[in-house]
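Each chain, written out:
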Amino acid sequence: MNTASTQDIVIEVLQRASSQNPEVLKPAEAKLREWETQPGFYTALFNVLSNHSLDINVRWIAVLYIKNGIDRYWRRNLPNAISEQEKQSLKQGLILNFSEPVSQIAVQRAVLISKIARIDCPKEWPELFPTLLQAVESPDSLVQHRAFLTLYHVVKAIASKRLIGDRRFFQDFTNNIYSFVLNLWNTFTELFLGDIMRGASSQIVVTNLEKALLTLRILRKLTVFGFYRPYQNQDCMKFLKVIFDRAKIALQCRKQLRDEETVELCEKFIIHLTKVLISVLDMHPFSFVDFIQPCLEFTTYFLFTADGINFLFERFIIQCFNLIKNILLCAEYKPPKIPELCKHQETLRANEVKINFFQANTLTEICRKLVSHYFILTQDELEMWDSDPETFAIDESGDSWKYSLRPCMETVFVTIFHEFRDALAPTLLEMIHETNCIVSPGDTQGILRKDAVYNAVSLAAFDLYDEIDFDQWFTNTLTQELKVKHNNYRVIRRRVCALIGRWTGIKLSPELRPALYECVINLLGSDEDMAVRLTASSTLRHAIDDFEFNSDQFRDYLDSAFNLLFNLLKEANECETKMHVLNVMTLMVERVGQTIKPHTDALIHYLPRLWAESEDHNMLRCAIVSTLVQLVKALGSVSSELNPFLLPIIQLGTDTNQSAIVYLLEDCLELWLTVLENSTSMSNELLQLFNNMPALLEYSSENLRLCLLIVLVHTLLAPDLVMRTHGIQVITVCDNLMGDMKNEGIVMLIRMLEIFIRSSPSLGCETVFPILPRIFQKIYEGEDYPLLMSMYLSILSRVLLSSHDVFTRVLTTLAQVHNETDEAVLGKILTVWLSKMPMVSQLEQRKLLGLALTNLLTTQSRPVFERFGTVMVNILECLNDMEDSLLVTDGRSPTSYEDTDGYETDHDQRKKQLILSDPVHTIVLKDYLQSQMYELRNQIGLPHYEQLLQTVDADSISQLKGYITL
């Protein structure tokens, strides 16, 4: 690409690429993709980027395409790599000046330089850092700012490299520039703080504040990743020490600011100071030991004193709480119970600092302040509850609050309470006593205080196990508070409900469960506040998911609970709410089983509508599919009227050409399996659905086990039909996959093959033929894994018992591969078989192998005659092991096959029927051996027969005579 002659064309295409019109945009993007590998393209883009007179959107597109090109074509070993000459030109141009006027483009340009630096520094771009360090001292404020911005992104990129050589380079680099950057940071920090105190203009404050923030970000990366042991560097320790004073002054200055942009920037500076502390604490805990005391003093002053609270803002509160939490949870600060076993003295010192700081009076103040100040529902929260109770309930319990204040302070409370339980338990019990009376509905503050105390008791439930008689509290106080229906009391009702849910699985007597169910049902009614109803549904979930849950005890409440949940599901507007309620109903169906049958009609008729409405909500659809799985299990045999709804869902979620498969696959496979297990017969729709399976087997190894299980269950539903329509295709796919499968996958595959053969012996052998040479080859080679070897031998034995023709064809195929005779291949297989057979431990498999060996006796095979003595000894061991204990008698299957975990399906019945035709359970081994020995004597004549018997040792002959007549 000739840059000079095509510059205008490139600009024109970039202009079209910035269009909002798809008809203009797409051809332009295609043209740019076409030019990506053309020499000179990135130089042309850089010229566009450097031309400040061009439209901002055009320059924006240019810098983005350069950035993408670096990712794809900068490394010299990549296809279509950018030439060394063009790369050198780009690098020189990028650091030629730092006067980009547009902030957004300046950031992208800095990122672009950092991407190159990560690949080329230091060897291929030695001039980068000297140029940057020279630019940051420029008298031009804009150039200096852009240089700092670039230096930050370069440092960030280099710091992320993890190879030993790269880390050593970054440590050397840090040692060289740390003092220089620290001095710059001190200068800019003092300037912007002084500007605020003097009442300077916002523009002047922002200029120095931005530079202070950028140098602080650079210092953070250098401090955390540039030192192996930060405590060994004096400048680093000075920096960490001064953070606390700088943060205090910055917080005071923030109070004087009026301009919103400046306030936001100042808050970022303060937050980043705390990020430095948190990063050093996490990455270099022993270097932080000297700062535990000042850090705790700093955070507790601002969080828990009347003076400090005046300077707080939400993000700073979160950071302070995180500092306290991380200090308490730091593993390096927790000594072993025996101090002499402690590996680091710093661990003991850190623990001593913690213990000395958290004295009883300090802990009491912290606990009381957390509960009485931070746990109190705010006016904003109450207004949100009033305007949108559903969203309020979802937010407080969901991931959307992950980074917000309430879960952060609750985590700190739990951490402190668990660490200092003995000191804090009396304080919290005292607070319970203080609020242990029925609050007047008109006393809003009293209601909020009680809500906060109950929240604390809920959070500390495990640590208060021995301190609270919850049964008495539940009976005498909590149930009475739930009966107060005043609107203001919804706060108490909701919190009491959550408290009961928390303690249910910890300390609630089984005989009080009925009272609990009554309380919850009373709170699920449509006349109750939506947030309270949702909390009640969560409490019900805790109750029925508890290991002490008794379905018989719940039976009288099932109808009301299920119907009220169903009404709540219909009334909910938010997708997350519907998911939550649906999950509770699903769990209920799972726990009560078939008892739910009379109550499911309304839900079954509603789910198709909910499915249609949730087209854009994949997670809700996953919840619907999970519900359907449990409903099908509870209902038993799948009714014909349910399939028209179920099968299209399974079709959508298992079609590899549909985008929904990403979300729905696992749940839809589970539903497919459940539908098959509970189907009485094969239908055209089920058969058609199976067209998805071959592609699914190759789609994802994560779900291979479930896919193979579906193949197994599907086959057993109509063996001959399935094997004729899909058998060869499925087996061919499995044959291609088997070489890459782990042992667990192969075990599942072998079980599936065994079902093919057992369900229709002759057709099954023909169907699995494509994969049999691979299995016989494994035996031929002597597979080392005993479980796999026993399963391979089982398949061989079933083929032998079912079809001598297929068995012979497999031997012939293997003989051609090894350029040997069929007899030679059989001989080697038989040698491995006889040597490995004693390691087969399952009785069913041992008998199967014994039957197959017995079958071989009359095949007139020289390899069998050559090993006759060993063959007979292995058959004798089978006879000694089982004495035909595996036989089916009176039409009943062996006990080991009847364990269905209390959930019996139509598939279980089909498995039992399969057992009735299995040679292992229908043939008497000693009778079969007797018959084969008679047949063998007739085939070869008495003299040869007696010669063969002479190859068996006398003791074995004696034992054999106890079973058969020789």
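Now for a quick tour of the structure. (Residues numbered from 1 in each chain as written. Predicted model: local features only at pLDDT ≥ 70, side-chain atom pairs only at ≥ 80, totals over all residues. Heavy atoms only, no water.)

Here we look at a positive patch on the surface
We apply this condition: Two distance rules govern patches: like charges are joined within 9 Å, and nonpolar side chains (Val, Leu, Ile, Met, Phe, Trp, Tyr) within 5 Å, applied only to residues with over 30% relative accessible area and no salt bridge. Areas reported as accessible are Shrake-Rupley estimates using a 1.4 Å probe. Residue values count occlusion only from the protein chains shown. Any carboxyl oxygen of Asp or Glu that lies within 4 Å of a side-chain nitrogen of Lys or Arg is treated as forming a salt bridge with it. Note that His is not counted, nor are the chain ends; the positive residues are Lys and Arg, and the negative ones are Asp and Glu. For the purpose of locating charges, the reference atoms are NZ of Lys, CZ of Arg, CG of Asp and CD of Glu. Think of it this way: any DSSP run of H or I at least four residues long counts as a helix, any run of E at least two long counts as a strand, and we number them from the N terminus. Under the scheme applied here, a residue whose accessible area is under 20% of the maximum for its type counts as buried, over 50% as exposed, and between as partly exposed, the area being computed with a 1.4 Å probe on protein chains only.
On the surface, R75, R118, R162 and R167 cluster together to form a positively charged patch. Turning to its location among the elements, R118 is positioned in helix α6 (residues 103-120). Look at R118 and you get partly exposed, because its relative accessible area is 32%.

A word on the environment of T475
So the rule is basically this: We call two residues in contact whenever any of their non-hydrogen atoms come within 4.5 Å of each other.
Here T475 shows up in helix α23 (residues 470-482). In this structure T475 comes out as partly exposed when scored by relative accessible area, which is 39%. Ignoring sequence-local partners within four residues, the contact set of T475 consists of Q480 and L512.

Focus on the packing of helix α40 (residues 786-802) against helix α43 (residues 843-856)
Which entries qualify depends on this criterion: Lines fitted to C-alpha atoms define the axes here, with helix axes fitted over just the stretch in contact, and angles between the N-to-C directions of these axes take values from 0 to 180 degrees. Orientation categories follow fixed angle ranges, with anything under 35 degrees roughly parallel, anything over 145 roughly antiparallel, 65 to 115 roughly perpendicular, and all other angles oblique. When the near helix sits turned anticlockwise from the far one by under a right angle, the crossing is termed left-handed; a clockwise turn instead gives a right-handed crossing. Under the grouping applied here, Gly and all other residues not named as nonpolar or charged are polar, the nonpolar ones being Ala, Val, Leu, Ile, Met, Phe, Trp, Tyr, Cys and Pro and the charged ones Asp, Glu, Lys and Arg.
Axis separation between α40 and α43 bottoms out at 9 Å; the angle between their running directions is 45°. Of the possible angle classes, the one that applies to α40 and α43 is oblique. Handedness of the crossing formed by α40 with α43: left-handed. Between α40 and α43, the contacting residues are S790, M791, L793, S794, S797, R798, L800 and L801 on the first element and Q845, L848, L849, L851, A852, N855 and L856 on the second. Its residues assigned to classes, the contact of α40 with α43 comprises 9 nonpolar, 5 polar and 1 charged.

Considerations on the environment of F227
Tracing the backbone through its elements, the reader meets F227 in the loop between α10 (202-225) and α11 (234-254). If we ignore the near neighbours within four places in the chain, the residues touching F227 are Q171, T174, N175, Y178, L222, N233, C236 and H284.

As for helix α5 (residues 84-94)
Heads up, the rule is: To be clear, the arc concerns the directions from the helix axis to the C-beta atoms.
Listed as buried for α5 are E86, K87, L90, K91, G93 and L94. Projection of α5 onto a plane perpendicular to its axis shows the buried side chains occupying an angular sector of 165°, all on one side. Those residues of α5 that are buried lie in contact with α3 (41-50) and α6.

Remarks on the nonpolar core
So the rule is basically this: Definition used in this section: a nonpolar core is a set of buried Ala, Val, Leu, Ile, Met, Phe, Trp, Tyr and Cys residues joined via side-chain atoms within 4.5 Å.
Ranked by internal contacts, the top residues of the largest apolar core, which has 358 residues, are F321, F413, F554, M752 and W833. Each residue touching F321, except ones within four places of it in the same chain, is listed here: L303, F304, L370, Y374, L405, C408, M409 and V412.

A look at the packing of aromatic side chains
So the rule is basically this: Between rings of Phe, Tyr and Trp, where Trp is taken as its six-membered ring, a pair exists when centres lie within 6.5 Å; planes separated by under 30 degrees are stacked, by over 60 edge-to-face, and by other angles tilted.
Under the criterion given, the structure shown has 37 aromatic pairs. Taken together, a centroid distance of 5.0 Å and an interplanar angle of 70° make the contact between Y178 and F227 edge-to-face. Taken together, the residues span a long stretch of sequence, with Y178 in helix α9 (residues 164-198) and F227 in the loop between α10 and α11 at a distance of 49 residues. Residue Y178 is classed as buried on the basis of its relative accessible area, which comes to 1%. Both rings, one in F470 and one in F474, keep their centres 6.5 Å apart while their planes meet at 25°; by these two values the pair is stacked. On the criterion of helical spacing, the pair formed by F470 and F474 is a turn pair, its members being 4 residues apart in helix α23. For F470, a relative accessible area of 0% translates into the label buried. These aromatic residues form a ring-pair network of at least three members: F244, F298, Y301, F302, F311, F313 and F316.

Some points on the packing of α43 against helix α48 (residues 925-940)
Where α43 contacts α48, the two axes come as close as 9 Å, and the packing angle between them is 10°. If you check the angle between α43 and α48, you find them roughly parallel. Seen from α43, the contacting residues are K847, G850, L851, T854 and N855; seen from α48, they are L925, Y928, L929 and Q932. Partitioned by chemical class, the residues of the contact of α43 with α48 number 4 nonpolar, 4 polar and 1 charged.

A look at unusual backbone geometry
Peptide bonds are mostly trans, and most non-glycine residues show a negative phi. Following C121, the chain continues into P122 via a peptide bond in cis, with omega recorded as 0°. Inspection of the secondary structure puts P122 in the loop between α6 and α7 (128-135). For N80, which is not glycine, the phi torsion reads 60° and is therefore positive. Of note, N80 is situated in the loop between α4 (56-73) and α5. At N819, a residue that is not glycine, the phi angle is positive and equals roughly 55°. Its relative accessible area of 73% is what places N819 among the exposed residues.

Some points on a negative patch on the surface
Together, D259, E260, E261 and E264 make up a region of like negative charge exposed at the surface. Checked against the element boundaries, E260 lands in helix α12 (residues 260-283). Accessibility expressed as a relative area gives 71% for E260, which makes it exposed.

Some details on the side chain of K161
Under the convention used in this document: Any pair of N or O atoms that falls within 3.5 Å is considered a polar contact. Within protein, one atom must be able to donate a hydrogen and the other to accept it, and sequence-neighbouring residues count only if both atoms are side-chain atoms.
As for its position among the elements, K161 is in the loop between α8 (141-159) and α9. Relative accessible area serves as the criterion here: at 10%, K161 is assigned to the buried category. Within the local environment of K161, its side chain forms a polar contact with the backbone oxygen of R118, the two atoms lying 2.8 Å apart. If near-sequence neighbours (up to four positions away) are discounted, K161 is found in contact with R118, C121, D166 and R167.

The quantities given are spatial measurements derived from coordinates; they are silent on function.
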